Amino acid sequence: MTYHAANDDSNPGAARDALHALLQLRAVPFGGLSLEGLDGFLTALAVGPELVLPSEWMTGIWGSAEPRWESQAEAVRVYGLLTDLWNDVLRRAALDPSERIDADDAPLFNASNGQPLAADWAEGFLDGMEFAPEGWDDWADAQVWIDDALLDIEALTWPVVPEGFVPDDGGPAIEESGRNEILADLPRIINALHRHRLVEETARTPIRRDTPKIGRNDPCPCGSGRKYKRCCGATAE
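Treat the numbers as computed from the prediction; the structure is a model and nothing was measured. (Residues numbered from 1 in each chain as written. Predicted model: local features only at pLDDT ≥ 70, side-chain atom pairs only at ≥ 80, totals over all residues. Heavy atoms only, no water.)

Peer 1: Quick question: what am I supposed to make of a negative patch on the surface here?
Peer 2: Residues E50, E134, D137, D138, D141, D147 and D148 make up a contiguous surface patch of negative charge. Broken down by secondary-structure element, the contributors of at least two residues to the negative patch are helix 6 (133-142) and helix 7 (144-155). Looking at the negative patch, the element that brings in the most residues is helix 6, giving 4 residues. By secondary structure assignment, the location of E50 is in the loop between helix 2 (35-47) and helix 3 (54-57). (Patch = residues over 30% accessible without salt bridge, like charges linked within 9 Å, V, L, I, M, F, W, Y side chains within 5 Å. Areas by Shrake-Rupley, 256 points an atom, 1.4 Å probe, with all protein chains shown as cover. Salt bridge = Lys/Arg side-chain N within 4 Å of Asp/Glu carboxyl O. Lys, Arg positive; Asp, Glu negative; His and termini not counted. Charge placed at Lys NZ, Arg CZ, Asp CG, Glu CD. Helix = DSSP H or I, 4+ residues; strand = E, 2+ residues; numbered from the N terminus.)

Peer 1: What is the right way to look at the confidence of the model for the protein chain in this model?
Peer 2: The predicted structure's coordinates, where accompanied by low pLDDT, should not be read in detail. Residue-level pLDDT values for the protein chain average 84, and 83% of them are 70 or greater. Counted against residues more than four places away or in other chains, residues 1-9, with its pLDDT under 50, gives 30 contacts. (pLDDT = per-residue confidence, 0-100. Contact = heavy atoms within 4.5 Å.)

Peer 1: How should I be thinking about the packing of aromatic side chains in this particular structure?
Peer 2: Note on aromatic pairs: each is described by the distance of the centres and the angle between the planes. Counting across every chain of the model gives 7 aromatic pairs. Taking the centre distance of 6.2 Å and the plane angle of 90° together, the rings of F109 and W121 count as edge-to-face. Of this pair, F109 sits in the loop between helix 4 (72-93) and helix 5 (119-129) while W121 sits in helix 5, and the two are 12 residues apart along the sequence. A relative accessible area of 18% means that F109 is categorised as buried. W121 gets classed as buried once you look at its relative accessible area, which sits at 0%. Ring centres 5.5 Å apart and planes at 75° place the aromatic pair W136 and W139 in the edge-to-face group. Of this pair, W136 and W139 both sit in helix 6, 3 residues apart, which is roughly one turn of that helix. (Phe/Tyr/Trp six-rings, centres within 6.5 Å; stacked < 30°, edge-to-face > 60°. Buried < 20%, exposed > 50% of the residue type's maximum accessible area, 1.4 Å probe, protein only.)

Structure (structure tokens):
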């Protein structure tokens, strides 16, 4: 297992191990997400085109049914672990990949889960996209680089084949060298999507007026003593 180890949840590595163990017990057997899958899932939500509230995305973690927690204290601890990972995903998405990125700042891949590295992560990312499918489609239609980036992420879920090998069934496959190129480029893709989301959000922000809006029943600013709607407001209308 490639996740960090420690003795208490106050340590980020220990919190990740605790969440990994919880998901392996309460989510994965029921078709839910592993820690690697959850990291990809949350990344899609963090950099995607629409705001998805925790009350919505938390239901997508557990598979067939959300677990019943034994006590309120257990529920608080579980959701605390999930919130901590969410905040960490937000932090990592904002990192500039041109600068040095430490191991703790990389996506959470698990090399010992029996699948190609990052396959679960990519599956989780695709699951996260399902919370805003139209928004992602609009982004991909408007920006060729986003369409290419999403295809690269999807390619991480494909079987890995020897160089030059073509599957007999004609299904999708990826060579090891191509897969490694995508993995190396993944921090840049995530950060680019993060920055694109910020630009889109800024474009949707209403422009603030330099002067305060005058209510129709407020005194007219011209000094007539009449209500605005009966004075200059009537002329404006």
